[in-house]
Amino acid sequence: MKQVRISRRYDETPHEVYVEIEKWLLDIGDILTFDLFSTDDKFSDKSFFLAQNTPISSNDKTEIEQIRSLYIRQSDLPSYNRFVDKLVQAVARNEQIPITKKAAVIYRQASVILDEMFENPEELENVPKSKQVVNTFVNTIFSDTHAIESMIKITAYDYYTHTHSINVCIYSLSLGSYLKLDPITLEELGMSALLHDLGKSRVNPNITNKKGRLTDSEFEEMKHHPLYGYTIALKIGIRDRSILDGIRHHHEKLDGNGYPDGLMGKSITLFARIIGVCDVFDALSTQRSYKDKMSSYETLRLMKISMQHHLDMELVDAFIRMQQHDAILTSL
Ligand SMILES: [Fe+2]
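Cut-off values and rules
- Residues numbered from 1 in each chain as written.
- Predicted model: local features only at pLDDT ≥ 70, side-chain atom pairs only at ≥ 80, totals over all residues.
- Heavy atoms only, no water.
- Donors = N, O, S within 2.8 Å, 3.2 Å for Na, K, Ca; no water.
- Tetrahedral: all angles 85-135°; square planar, octahedral: opposite > 155°, others 65-115°.
- Helix = DSSP H or I, 4+ residues; strand = E, 2+ residues; numbered from the N terminus.
- Contact = heavy atoms within 4.5 Å.
- Buried < 20%, exposed > 50% of the residue type's maximum accessible area, 1.4 Å probe, protein only.
- Polar contact = N/O pair within 3.5 Å; in protein donor to acceptor, adjacent residues only side chain to side chain.
- Arc of directions from axis to C-beta.
- Salt bridge = Lys/Arg side-chain N within 4 Å of Asp/Glu carboxyl O.

Caption draft 1: Focus on the coordination of the iron ion. For the iron ion, every protein donor is listed as Asp197 (OD), His225 (NE2), His250 (NE2) and His251 (NE2), and the spread of their distances is 2.2 to 2.3 Å. Bound by four donor atoms, the iron ion shows angles of 83 to 173° at the metal and therefore irregular coordination geometry. Mapped onto the sequence, the residues coordinating the iron ion show the spacing D-x27-H-x24-H-H. In this pair, Asp197 is assigned in the loop between α7 (183-194) and α8 (205-208) and His251 in the loop between α11 (241-248) and α12 (270-285), connecting sequence segments 54 residues apart.

Caption draft 2: How the structure looks around the environment of Ile274. You can see Ile274 is positioned in helix α12. Sequence spacing of Ile274 and Ala193 is 81 residues, and the spatial spacing of their C-alpha atoms is 8.8 Å. Discounting chain neighbours no more than four positions away, the residues touching Ile274 are Ser172, Leu175, Leu179, Leu181, Leu189 and Leu315.

Caption draft 3: Structural view of the environment of Asn204. With respect to the secondary-structure elements, Asn204 resides in the loop between α7 and α8. Assessed through its relative accessible area of 36%, Asn204 is described here as partly exposed. Asn204 sits 17 residues away from Glu221 along the chain, and the two C-alpha atoms are 8.3 Å apart. From its side chain, Asn204 meets the backbone nitrogen of Asn206 in a polar contact 2.8 Å long.

Caption draft 4: Molecular detail of helix α13 (residues 296-306). Considered for burial, the residues of α13 that qualify are Ser296, Thr299, Leu300 and Met303. Seen from one end, α13 has its buried residues packed into an arc of 95°, which puts them on one side. Away from its buried face by more than 90 degrees, α13 exposes Tyr297 and Ile305.

Caption draft 5: Layout of the pattern of salt bridges. With the rule as written, the count across this model stands at 17 salt bridges. Here Arg73 ties to Asp35 by a salt bridge, and the two come within 2.9 Å at their closest N and O atoms. Of this pair, Arg73 sits in strand β5 (residues 69-73) while Asp35 sits in the loop between β2 (17-21) and β3 (36-39); the two residues are 38 residues apart in sequence, bridging distant segments of the chain. Accessibility expressed as a relative area gives 21% for Arg73, which makes it partly exposed. Overall, the relative accessible area of 9% leaves Asp35 in the buried class.

Right, here's the structure in full:
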């Protein structure tokens, strides 16, 4: 059984450690073998939510969708992993599983893979693993008309480099699919988006994990990550020009003030422009320890008003139309 790395751990007391779980995996009628705890604020105490062996009611399910995060005791992690493993098998066997649940299982699997990838970025195995993640996302998008809506709904609220990479991949694939890119191009775009920030694994963690604004010298160091990512991608065997360009140029700006190459306008490739838009959207609309989450509406408004010299506005407009089309805007 795959052990979940504990990337989100909050100590309530010296004796009890809680681990955040993927709340979207829980459904009406599920009987869990572990207690659930909730919190509406990352820093507030956990409160008891549901006792083990109590079936989840429809009221519980509605509440689960509304609360910010769900936790279990760290000591219950093996039981939780068994629960997830059964779910993964059920999803693989059963076509009737609702798309929301399928999307949650897929997101969770991707999260475990990305977590490992950021720990060992130069493993050659990272290429087939990323392909597998992207392939599953693309197949899901094409298998169900509600897939994009479900996948965007479950994107993580908090900012972690590995969940940010998955979110940007999901947004880029959704936008690419809305722009009617063909499936092969979509898979390449997905790879580029999934790996776009892999270079952050080479930046000092005190900088990548810093809560608050970076100093000028820290920002200079951070600005190396697209080139680091490009080098790592080459090292693990990626040769596709469009994938490499997307990784290297996702921080280029239309007016030439981006980095690392100061490219302008359409000399920034389509992949890099798509990833650039999705990167900014996710970075602004997820919660970080030093800032509140912005709503989708506020984020898109800010992007439209203040980033017209940086981002491709045709793509921002397409992103807005896509969200309105799927009625996602109001549900986020
Ligand atoms: Fe980046």
